[in-house]
Number of protein chains: 2
Amino acid sequence: MTRLATLLAFLAFAATPAAAAPPASMVDILAASPPSDWRALDSENTVYMQLPRGTVIIELAPRFAPHHVANIKALIREGYYDGLAIVRVQDDYVVQWADPDEKRSVGAAAATLKAEFDRPFDAAEPFTALPDPDTYAASTGFADGFPAARDPGTGKTWLTHCYGMVGVGRDNDADSGGGAELYAVIGHAPRQLDRNVTLVGRVVRGIELMSSLPRGTEALGFYKTAAERTPILSVKLAADVPPKDRVDLVALRTDSATFAQLLGNRRFRKDDWYKTPAGHIDVCNMPLPVRDAAAK
Amino acid sequence: MTRLATLLAFLAFAATPAAAAPPASMVDILAASPPSDWRALDSENTVYMQLPRGTVIIELAPRFAPHHVANIKALIREGYYDGLAIVRVQDDYVVQWADPDEKRSVGAAAATLKAEFDRPFDAAEPFTALPDPDTYAASTGFADGFPAARDPGTGKTWLTHCYGMVGVGRDNDADSGGGAELYAVIGHAPRQLDRNVTLVGRVVRGIELMSSLPRGTEALGFYKTAAERTPILSVKLAADVPPKDRVDLVALRTDSATFAQLLGNRRFRKDDWYKTPAGHIDVCNMPLPVRDAAAK
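Enquirer: Any chance you could explain the state of the cysteines here in plain terms?
Expert: Two cysteines form a disulfide when their sulfur atoms are joined by a covalent bond. Residues and elements named next belong to chain B. Applying the stated criterion across every chain, the model contains two disulfides over all chains. Each sulfur of the disulfide joining Cys162 and Cys284 lies 2.0 Å from the other. Here the S-S torsion is close to -75°, and the disulfide linking Cys162 with Cys284 is therefore left-handed. Placement of Cys162 in the loop between β10 (156-159) and β11 (165-168) and of Cys284 in the loop between α5 (257-267) and β17 (290-292) is noted, with a sequence separation of 122 residues between them. By the burial criterion, Cys162 is buried, and Cys284 matches it.

Enquirer: Looking at this structure, I do not really get the side chain of B:Arg88. What am I missing?
Expert: Residues and elements named next belong to chain B. Looking at where Arg88 falls in the secondary structure, it is placed in strand β4 (residues 85-89). With no salt bridge to any partner, buried Arg88 finds its closest opposite charge in Glu181, at an N-O distance of 8.2 Å. Here the side chain of Arg88 touches Gln90 through a polar contact of 2.6 Å, side chain to side chain. Within the structure, the side chain of Arg88 is placed 2.9 Å from the side chain of Gln96, a separation counted as a polar contact.

Enquirer: How should I be thinking about the interface of chain B and chain A in this particular structure?
Expert: Quoted interface sizes are often the accessible area lost when the parts come together. Across the boundary between the two partners, chain B contributes 73 residues, which contact 73 residues of chain A. The interface formed by chain B and chain A holds zero salt bridges in total. Linking chain B with chain A are 27 residue pairs in polar contact (both at pLDDT 80 or more), by the criterion used here. Listing elements by their share of the side of chain B that touches chain A, those giving two or more residues are α1 (2-9), β4, β5 (94-98) and α4 (207-211) of chain B. The residue inventory of the side of chain B that touches chain A, partitioned by class, reads 36 nonpolar, 18 polar and 19 charged.

Enquirer: Please clarify how the pattern of salt bridges should be interpreted in this entry.
Expert: Any two side chains of opposite charge can pair, given that their charged atoms come close. In this structure the tally under the stated criterion is 29 salt bridges over all chains. Residues A:Lys156 and A:Asp118 are paired through a salt bridge, measuring 4.0 Å at the closest nitrogen-oxygen approach. Here the residue A:Lys156 occupies a position in strand β10 (residues 156-159), and A:Asp118 occupies one in the loop between β5 (94-98) and β6 (119-120), the gap between them amounting to 38 residues. The salt bridge partner of B:Asp134 is B:Arg191, with a shortest N-O separation of 2.9 Å. Of this pair, B:Asp134 sits in the loop between β7 (128-129) and β8 (139-143) while B:Arg191 sits in the loop between β12 (182-185) and β13 (199-205), and the two are 57 residues apart along the sequence. An identical accessibility class is assigned to B:Asp134 and B:Arg191; each is buried. Linked through salt bridges whose partners overlap, the residues forming this network are A:Arg63, A:Arg119, A:Glu125, A:Asp144 and A:Arg150.

Enquirer: Help me understand the relation of the copies chain B and chain A, please; the structure alone is not making it clear to me.
Expert: There are two copies of the chain, and a rotation about an axis plus a shift along that axis relates them. Taken as rigid bodies, chain B and chain A are interconverted by a rotation of 180° and an axial shift of 0.0 Å, the fit giving an RMSD of 0.0 Å. The operation mapping one copy onto its partner corresponds to a two-fold rotation axis. The fraction of interface residues of chain B whose copies in chain A are also interface residues reaches 100%, indicating that both copies meet through the same surface.

Enquirer: For this particular structure, what's the right way to read the pairing of strand β16 (residues 249-252) of chain B?
Expert: When a strand is regular, its side chains alternate between the sheet's two faces. Residues and elements named next belong to chain B. Every second residue of β16 is oriented toward a common face, with Leu249 and Ala251 on one face and Val250 and Leu252 on the other, all of them buried. As judged from the three bridges shared by strand β1 (residues 38-40) and β16, these two strands associate in the antiparallel manner. Paired with Trp38 across the two strands is Leu252, which belongs to β16. Both β16 and β17 contribute to a ladder of three bridges, which runs antiparallel. Looking at the pairing, Ala251 lines up with Val290 of β17.

Enquirer: Explain helix α5 (residues 257-267) of chain A here, please?
Expert: Working note: α-helix, 3.6 residues per turn, so residues spaced by three or four point in the same direction. Regarding α5(A), the residues found buried are A:Thr258, A:Phe259, A:Leu262, A:Leu263, A:Asn265, A:Arg266 and A:Arg267. Each element contacted by the buried residues of α5(A) is listed here: α2 (26-31), β7 (128-129), β8 (139-143) and β16 (249-252) of chain A.

Enquirer: Would you mind going over the sheet that holds β16(A) with me for this structure?
Expert: Working definition: the strands of a sheet are paired by backbone hydrogen bonds and lie parallel or antiparallel to each other. Residue and element names in this part refer to chain A. Pairing within the open sheet is antiparallel, and its three strands lie in the order β1-β16-β17. Of all strands in the sheet, those with a lone pairing partner are β1 (38-40) and β17 (290-292), marking the two edges. Within this sheet the neighbouring strands show an average axis-to-axis angle of 35°, counted without direction.

Enquirer: Can you help me understand helix α3 (residues 66-78) of chain A in this one?
Expert: Residues and elements named next belong to chain A. Here α3 contains 13 residues, and its C-alpha end-to-end distance of 18 Å stays within 8% of the 18 Å for a straight helix at 1.5 Å per residue. The complete set of buried residues in α3 reads His68, Val69, Asn71, Ile72, Lys73, Leu75 and Ile76. Each element contacted by the buried residues of α3 is listed here: β2 (46-51), β3 (54-60), β11 (165-168), β12 (182-185), β13 (199-205) and β15 (234-237). In the stretch just after α3, Gly79 is the one whose phi turns positive, near 80°.

Enquirer: Sorry if this is basic, but what is going on with the side chain of B:Arg215 here?
Expert: Structurally, the position occupied by B:Arg215 is in the loop between α4 and β14 (230-231). Within the local environment of B:Arg215, its side chain forms a polar contact with the backbone oxygen of B:Ser211, the two atoms lying 2.5 Å apart. In this view, B:Arg215 contacts A:Tyr163, A:Glu208, A:Ser211, A:Ser212, B:Val89, B:Gln90, B:Asp91, B:Ile186 and B:Tyr223; residues no more than four positions away in its chain are not counted.

The rules we used
- Residues numbered from 1 in each chain as written.
- Chains lettered and ligands numbered in written order.
- Predicted model: local features only at pLDDT ≥ 70, side-chain atom pairs only at ≥ 80, totals over all residues.
- Heavy atoms only, no water.
- Disulfide = S-S within 2.5 Å.
- Helix = DSSP H or I, 4+ residues; strand = E, 2+ residues; numbered from the N terminus.
- Buried < 20%, exposed > 50% of the residue type's maximum accessible area, 1.4 Å probe, protein only.
- Lys, Arg positive; Asp, Glu negative; His and termini not counted.
- Salt bridge = Lys/Arg side-chain N within 4 Å of Asp/Glu carboxyl O.
- Polar contact = N/O pair within 3.5 Å; in protein donor to acceptor, adjacent residues only side chain to side chain.
- Contact = heavy atoms within 4.5 Å.
- Nonpolar A, V, L, I, M, F, W, Y, C, P; charged D, E, K, R; others polar.
- Least-squares fit on C-alpha atoms with pLDDT ≥ 70 in both.
- Pairing = 2+ DSSP bridges.
- Axes fitted to C-alpha atoms, helices over the stretch in contact; angles between N-to-C directions.
- Expected span 1.5 Å × (residues − 1).

Below, the structure written as structure tokens:
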């Protein structure tokens, strides 16, 4: 198994063992991290979306989209999403879920909200900036565990459309979305959508349950028939699930010393495999570790 | 179907119809393109990989990796890949195919070759440079229909690890790959691999047959059991297939006026949906159109 075994090392998160004094690998760095560098996911902002093959877990981003997040939580608590379906899977782009019949009422929740494409930032807010140039934004980095961008010129900050990010579908009007239709990114980051869509969170577990779905064959990846759709069995907030049924997850704080060390490790890979370390990293290529609390 | 219909426009390649004098959409631009802006794929450098659910078509890049491409063609003509399998699917990363038993002989082909991670460029070679900053390279753009990068400081050029690009697995030694094990990118561009792997081509049709496969549950997405693997029924060069059985494809020339127009359109989207056009584009976000020759 020489070749396959080596391929296990090839592209690995963990570096292959080096001959002497190897630089710390990602696995080493995480293993040595103090518990204080991790935060428990807030059960009030953690969503369990139950699909037939498993559970997709989404962390909401209330700092960036407070009104949309509150509205999505209201929709969840009304049972709005239960029994809806994944209606669209477009390769290298998005998975989208919605009411296929467009008949369900949003109840007491809002059908539409004012867009939350970006927001003013406070220089005192945690923002771990990347030193690397970015094609789309003046500055990129990480805030509250999410990939984000800032423009000091305008004083605005916004979430970036990286793999696994969750956004709000809307009509042509900027203020026409409300959260009743959502999508997750399953391809190369469509950064042209930044500041054009309200991003509300990130899939922290189970994205593969969506990214491996058959692609729809109609325009834009919509499924041709109802039978092709994946049903959404239920959507719940972690806070509304009995503690024994919750998945206790912790996320590495993106303003922690461990994250800073990991960033250095990922920007400049030093191991037996890499010959030309990039010395840079794209905001959407940085791992944002989330693990079982029990693994601490 | 208001919302879903609008979502058809949302994220669409084609802009929604604007009230008056809409800017040309991508569909408009391609429809108006002269046949001379397209090139037929070279049957000597087009690969048909037959999977149980359909055919993956790969265009090889002989300008960038002449020795690896020649070796892969030799392996194809020996039937080396026929009956091998997809052994690994790692979410947001790669699909990899190889001999699971590592017993097959490469025959008269080379088992390993000197790396072709980059090559000197000739300033007279077609290279459609992007004006946008890139995180990883001094300059990015397109050559021969492939996404690529250049560094005028070193005089080198190389292919970039965008979605669908095909590369050669190797061991720790730079010169330890030969093409017997290949992978395709199925996630956000892992650009840190640029200049660390010999890239040999791009999937131009059928990537969804690989990207929608179940993810492997072992480390790095390897499948746990042989039963989970997807068999590769056959791999052939288009030139070796009777003309009546070929898929006649044409690719938009990346040094054509149509491509330049399309680049402008994609960098700065002007339609009823986009509120904040990016004004930039990442080398891995640019569509590289390939279509049936009959569609011309």
